[in-house]
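Residue-level structural notes
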Amino acid sequence: MAGAFDFAPAIALLPFVSFLVALFAGQYLPKRGALAGIAATAGSFLLSAWVAITVAGGETYNEALYTFTAGLDAFELHLGLLIDPLTALMLLIVTLISLLVHVFSLGYMNDEGETGLPRYYAGLGLFTASMLAFVYSDNILMAFMFFELVGLCSYLLIGFHFREKAPPSAAKKAFLVTRFGDYFFLIGVVAIFVTFAGATRTPGAFAGEGSFPVLAEHALADGATEGLNTLGFEPDTWFTILGLLVLGGVMGKSAQFPLHTWLPDAMEGPTPVSALIHAATMVAAGVYLVARMYGFYALSPTALAIVALIGGFTALFAATMGVVKQELKQVLAYSTISQYGYMMLALGSGGYIAAVFHLTTHAVFKALLFLGAGSVIIAMHHEENMWEMGGLKDKMPVTYWSFLSGSLALAGIVPFAGFWSKDEVLFEALIHGFGSEGGLGTAFLLAYAMGLLAVFFTGFYTFRMVFLTFHGEPRTETARKPHGVRWNVKGPLAVLGVLAAIVGFINMAPVRQLTGAHIDFLHTWLNGPEEGGWPAELSTGLHHYEEVLHDFGLVSASYPLGGETGTLLVSAALSLGLALAGVLAARSLYAVPEPVEHTDELGSIKTLLMHNYYQDEYQVWLATGVTYPIARAADKFDQGVVDGVVNGISSVSLFTGSRVRRIQTGVVSNYAAFITIALVVLLVVFGVAGGWF
Amino acid sequence: MVAIAALLAVTLLGALGTFLVDDRHAAKFATAVSAVPLLGSVLMYYVYLTEYGGVGNALLAPGDIAFRQAVDWIELSGFTLQYSVGLDGVSMPLLTLTAVLTTLALVSSWTPIDERQSQFYGLMLLMEASLIGVFAALDFFLWFVFWEGVLIPMYLLIGVWGGPRRKYAAIKFFVYTNAASLVMFVGFFALVFSLGDSISTLGLPEIAQALRAGGALSPLAGISVDQLKLLAFVAMFFGFAVKVPVFPLHTWLPDAHVEAPTPVSVMLAGVLLKMGTYALLRFNFTMLSDVATGAVLAIMPVAIAAIGVFSVIYGAMLALAQRDLKRIVAYSSISSMGYVILGLVAFTPYGVGGATFQMIAHGLISGLMFMAVGVIYNETHTRMVGDMSGLADRMPWTVGIFVSAAFGYMGLPLMAGFAGELFIFLGSFGATETIGALAPLLTSVAMFGIVIVAGYLLWAMQKTLFGSYELETDYEINGAPFHDVAPLAVLLLLVIVLGVNPDLSFRMIQQAVNPILDVGGGI
């Protein structure tokens, strides 16, 4: 009897088939490929659920399925699947959101009379397939391959409206910036293979015996460096370098400072695409990758500190920019960057569960917010500026209530999903910041402080957005008479709206601490059985990570404020208080009949924020002000000097030829003279040299 | 086995026949003729895959080589010149690549070539015959005849059917590469004379084995054996590097490409450049592997690697500065071939194997890119970025393939270029035994090519394919005919097939190159 794992490849293959169907036959299908996409993602979702149930039964899967190259005398490269609880969870998230986005697209794309729909659904299908394949990759090379394909799909979908000016440019920027990150990732992949090739046939594997995190751990624990090629570095230094190289790709895809600049531009893509790719899934790929190979990052305190600092800084940095944006999707874009900062903060500061938890809740509520924004944009006839809206609350209640649910989750208000996960992120950073020694603890605390401060901004910009969009009086004619939306828009919103309210209940760690009830299901899910089972086999269990974090990452916890419970309560109160303060501040400023742009009072700071701290400017300058002039100079050099020498040589020979030709006069007496002179010269030479040599 | 002789004979006779056919029928006739070597080589490829599982290197273990045939030809002052041919895992894919690209290039000529057709198609077939000979020949004399034989049709194809500066480009191409051949010839014959009586033929296997055996060389004209090897290596490297081309010997290439008609560019980038790297592999890296790995002069490998890496970055930077689509692709060829040099000099299974795989991959992808640019040119009569925009609106399928090809060029995973580049990087990153401590650094620098290539191709696509439709020339886009687009689709399919299943070629390649790498160690 075939089990769920035998059908697991179909989870990615089904959307791939829908890509082919939409691309080649979409033109002839009733909904231009949408139905194929819905059927495929629904199938994938059901299969993922089956897989998740199987995993819940304690089974995991880690097999090579397809040989990319057998490698002959060297190591082989293969594609394979790794399915453990983390994978199963992510598969569920991706397939669910992809399914909902497909349905929503019926309303956003088909009903709005967009052209080029087969291309659109083909892009969605290919994206979903690549993302799923990335999620259950069993080795880092396969992960890289699908990571890049995900980038391609992002390019294709951001540039969907290719006839306009901005989308192709945004698509180019997205691919280039993430490619810059992937450059480091690729070096990391190659370096990992080179490092571990001598010790195993599968140097790139994520999990199990012979996987690189396990080998690296052995190398540090027992000095088992035989067969490892660390290129002359100390193993711990080299592993840190490897981790940081891979981190380049993570920062690109997960839009972490300074590679975040592509994401706000990516809002040029159709809104469902923003929901699926640029909020819930593709951007998650980076963070997911760190979680996937967490056993490797946990080995290096330096890498952990850098991850945490990047995360904390990005969380705050992006949140401040979200405060001044005027377009609905822009606010959401910056909030996405900021929220992924939290996940990085959690991963860096030893909060593996917290990161995965926040990844889960964020996927739900951010997809919800983007789809809600999409609904508003339909209603507003594709007007995205919040100052042109207002008072939509009564006209579109389903959108409003679900959007509100997502907003409460994003702001981190109890009991909505985001509260639980964000609270856990900050709590982990806090206790590890106090518990870890030296610079590591300081780094964690610094990152924590930035993350905490960002909570206030998050609450503020989220509810500024809610109040401006839905509350008060309509400020324009369109807002007075919005376009209606149909079931295909409302349905996904309702599903996600409910989820955003309740998905936090999968891991109410604080409640567990207070009541002792075992209701931190996610914790149990990722921890696995205490003895034996898949954690022993794969080394991807939480318990193992905690040991590695403690032994090699030098991360330990302490509870400075009245024991574990006390610290927990203080931490929760702090983050909730700041979030509420942000919400209330927004309420007092914007929940008025005729709101004005209070951020104008920020003066030059606002200018700075509106220009995104001039991050785009300097990156554009790097491309057009530095690289391009160098290229021009190289071209001049090539044409002038290198080719100049070549042409010079040919001119010299032509010139000599033309001069030498003159002695060929055709006059016999001249030739006779030459012969005589030559003879005389030869005789003189022989005379001086003394004979025939 | 007369398979190769049959291929050569059919192609040569077909070429002669094409010269005699009327212009109106020449295109179809030549295409039909080229189907014979195409089907023949594909069949041979299939037979090779199924029956010649363990064939090694053609030069080092010629006994069990595939499709071998050797007939004594001429006696010449102690040397027997042979008609000697055969294929191993390196030459088999290259020969197939030649046949595939020739047929597709011929089909893509139907639209742009409208004068002197019988001569054009005849010369194309003549060139195909010579290329088949280059990859199949195992006797130096025979090989050299074919090697030079490629130049003549190419010279005429650029010089007669080329663009406005065709004469300059054709002469530059011919003189440059011919002068290089001369230097290579001198270097090679220095080795042959120094081998003296230990060889009786000019068979490449015999020479290679004698050279690798050691002790067979004797000093020549007062030059010690090591110095002689070194000089010969440098001379041959120079000769072949011009063909590849590597910096600073590359300036003939953009001129030739810009002036050549599209199908000729396809052959030039797709196959002719690979003659250089193929010969480097056969001569420099097989026969004089000790020099290549630094046993004679320690700085040699790192110097060659540095040249390769510099070519990668330099070519990419030049491509970034261009506005002519064809020039962009031409310069990026320099960049891509730089990777091949890096892989060869790494001298590891993944390095040399990857370099060979990259020859095939780049042959397909650059051919595809040139053809795609050609289709756009056929429709718009311009190749300048800035003269057109929004082509996706008018020719969606062509643009779709163009975009796919461009991503293939950028090394998108599951397309052939990624596999080639990945193998090379895997092979060279840890190649500290040959390249030295700089290996990881040089490889990382070379990898930056994947960022620059994305930069210029995405920029060019944004400007020409997307945005609102505008065209500065006085032509109307009618949508390219089927026979213009079909070759693109075929090539794209091949690129994907090879990218998904690189072992279709990579396995036989590794079987052929691993015997060269007797140094051991590394990956």
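Values in this document were obtained by computation on a predicted structure and should not be read as measured data.

**Here's the deal with the overall build of chain A**
Along the backbone of chain A there are 28 helices and 2 strands. Taken along its principal axes, the extent of the C-alpha atoms in chain A is 120 × 70 × 55 Å. Of all 693 residues assigned to chain A, the portion counted as buried reaches 59%. Considering only contacts within chain A whose residues lie at least 6 apart along the sequence, 79% involve residues at least 24 apart.

**So, the nonpolar core**
Ranked by internal contacts, the top residues of the largest apolar core, which has 472 residues, are Val287(A), Ala367(A), Ala500(A), Leu368(B) and Ala372(B). Per element, the largest residue contribution to this core is 20 residues, and it comes from helix α15 (residues 352-379) of chain A. In contact with Val287(A), other than residues within four places in its own chain, are Val250(A), Ser254(A), Tyr340(A), Met343(A), Met344(A), Leu347(A), Ala355(A) and Leu359(A).

**Comments concerning the interface of chain B and chain A**
Contact with chain B, which involves 42 residues of that partner, is made by 43 residues of chain A. Ranked by residue count, the leading element in the side of chain B that touches chain A is helix α18 (residues 449-464) of chain B, at 7 residues. Considered class by class, the residues forming the side of chain B that touches chain A number 28 nonpolar, 11 polar and 3 charged.

**Considerations on the packing of helix α8 (residues 225-243) of chain B against helix α10 (residues 262-287) of chain B**
All names here are of chain B. Two elements in contact, α8 and α10, have axes whose closest approach is 7 Å; the angle formed by their N-to-C orientations is 160 degrees. Of the possible angle classes, the one that applies to α8 and α10 is roughly antiparallel. Where α8 crosses over α10, the two elements pack in a sense that is left-handed. Counting all contacts with α8, which are made through Phe233, Met236, Phe237, Phe240, Ala241 and Lys243, the residues of α10 involved are Leu273, Met275, Gly276, Ala279, Leu280, Phe283 and Asn284. Taken together, the residues of the contact of α8 with α10 break down into 10 nonpolar, 2 polar and 1 charged.

**A look at the confidence of the model for chain B**
When pLDDT drops low, the exact placement of atoms in the prediction is not to be read closely. Residues and elements named next belong to chain B. Averaged over all residues, the pLDDT of chain B is 90; the fraction at 70 or higher stands at 98%. Within the model, pLDDT remains below 50 along residues 519-523, and this stretch shows 18 contacts once partners closer than five positions in the same chain are excluded. Across the interfaces of the predicted complex, the ipTM metric reaches 0.93, alongside a pTM of 0.92.

**What about unusual backbone geometry?**
Cis peptide bonds are those with omega within 30 degrees of zero, and the linkage from Val414(A) to Pro415(A) qualifies with 5 degrees. Position of Pro415(A) among the secondary structure elements: in the loop between α16 (397-411) and α17 (417-435). Backbone torsion omega between Phe247(B) and Pro248(B) reads 0 degrees, so that peptide bond is classified as cis. Assignment of secondary structure puts Pro248(B) in the loop between α8 and α9 (252-259). The phi dihedral of Asn612(A) falls on the positive side, at around 55 degrees, and the residue is not glycine.

**Notes on the environment of Ser218(B)**
Residues and elements named next belong to chain B. Looking at where serine 218 falls in the secondary structure, it is placed in the loop between α7 (204-213) and α8. Taking the C-alpha atoms as reference points, serine 218 and serine 194, 24 residues apart in sequence, are found 5.4 Å from one another. Sequence-distant contacts of serine 218, defined by excluding residues within four places in its chain, comprise Ser194 and Gly196.

**Things to note about helix α3 (residues 85-110) of chain A**
Under the 1.5 Å per step criterion, the end-to-end length of α3(A) is 36 Å for 26 residues, consistent within 8% with the ideal 38 Å. Phe104(A) marks where α3(A) bends most, by close to 35 degrees.

**Notes on helix α20 (residues 503-513) of chain B**
Quick reminder: α-helices carry 3.6 residues per turn. Residues three or four places apart thus point the same way. With 9 of 11 residues buried, α20(B) is to be regarded as a mostly interior element. Among all positions of α20(B), only Asp503(B), Ser505(B), Phe506(B), Met508(B), Ile509(B), Gln510(B), Gln511(B), Ala512(B) and Val513(B) are buried. Looking at the buried positions of α20(B), the neighbouring elements they touch are β1 (61-69) of chain A together with α2 (23-51), α3 (91-109), α14 (349-380) and α19 (482-500) of chain B.

**Examining the environment of Leu211(B)**
Residue and element names in this part refer to chain B. Summarising the element assignment, leucine 211 is placed in helix α7. By the C-beta count within 10 Å, which is 26 here, leucine 211 ends up buried. For the pair leucine 211 and valine 107, spaced 104 residues apart in the sequence, the C-alpha separation amounts to 44 Å. Contacts of leucine 211, omitting those with residues within four sequence positions, involve Leu191, Ala216, Met287 and Leu288.

**Section: the pairing of strand β2 (residues 79-87) of chain B**
Residues and elements named next belong to chain B. Inspection of the sheet shows strand β1 (residues 66-76) paired to β2 by 8 bridges, in the antiparallel sense. Residue pairing across strands places glutamine 69 opposite valine 85, the latter belonging to β2. Turn length for the β1-β2 hairpin, with the two strands adjacent in sequence and antiparallel, is 2 residues, and the turn residue serine 77 shows positive phi of about 35 degrees.

About the cut-offs
- Within every chain, residues take consecutive numbers counted from 1 along the sequence as written.
- Each chain takes a letter, starting from A, and each ligand takes a number, starting from 1, following the order in which they are written.
- This being a predicted model, a pLDDT of at least 70 is required before a residue's local features are given, and a value of 80 or more before pairs of side-chain atoms are given or counted; all residues contribute to the totals for chains, interfaces and linings.
- Numbering of helices and strands starts at the N terminus; helices are DSSP runs of H or I of at least 4 residues and strands are runs of E of at least 2.
- Exposure is read from a count of other C-beta atoms within 10 Å of each residue's own; the residue is exposed at 12 or fewer, buried at 20 or more and partly exposed in between. C-beta atoms are placed from the backbone.
- This entry defines residue contacts through backbone-placed C-beta atoms, with two residues in contact when those atoms are within 7 Å.
- The nonpolar core is taken to be a set of buried Ala, Val, Leu, Ile, Met, Phe, Trp, Tyr and Cys residues joined by way of C-beta atoms within 7 Å.
- Gly falls in the polar group here, along with every residue not listed as nonpolar (Ala, Val, Leu, Ile, Met, Phe, Trp, Tyr, Cys, Pro) or charged (Asp, Glu, Lys, Arg).
- Angles shown run from 0 to 180 degrees and are taken between the N-to-C directions of axes, each axis being a line fitted to C-alpha atoms and, for helices, limited to the stretch in contact.
- The labels follow the angle: roughly parallel below 35 degrees, roughly antiparallel above 145, roughly perpendicular from 65 to 115, and oblique for the rest.
- Crossing chirality is assigned from the near helix's rotation relative to the far helix, an anticlockwise turn below a right angle marking it left-handed and a clockwise turn marking it right-handed.
- Per-residue confidence from the predictor is reported as pLDDT, a score between 0 and 100.
- How far a helix is expected to stretch is found by multiplying one less than its residue total by 1.5 Å.
- A residue's bend is the angle separating two fitted axes: one through the seven residues that end there, the other through the seven that start there.
- Strands are treated as partners if at least two bridges between them are detected by DSSP.

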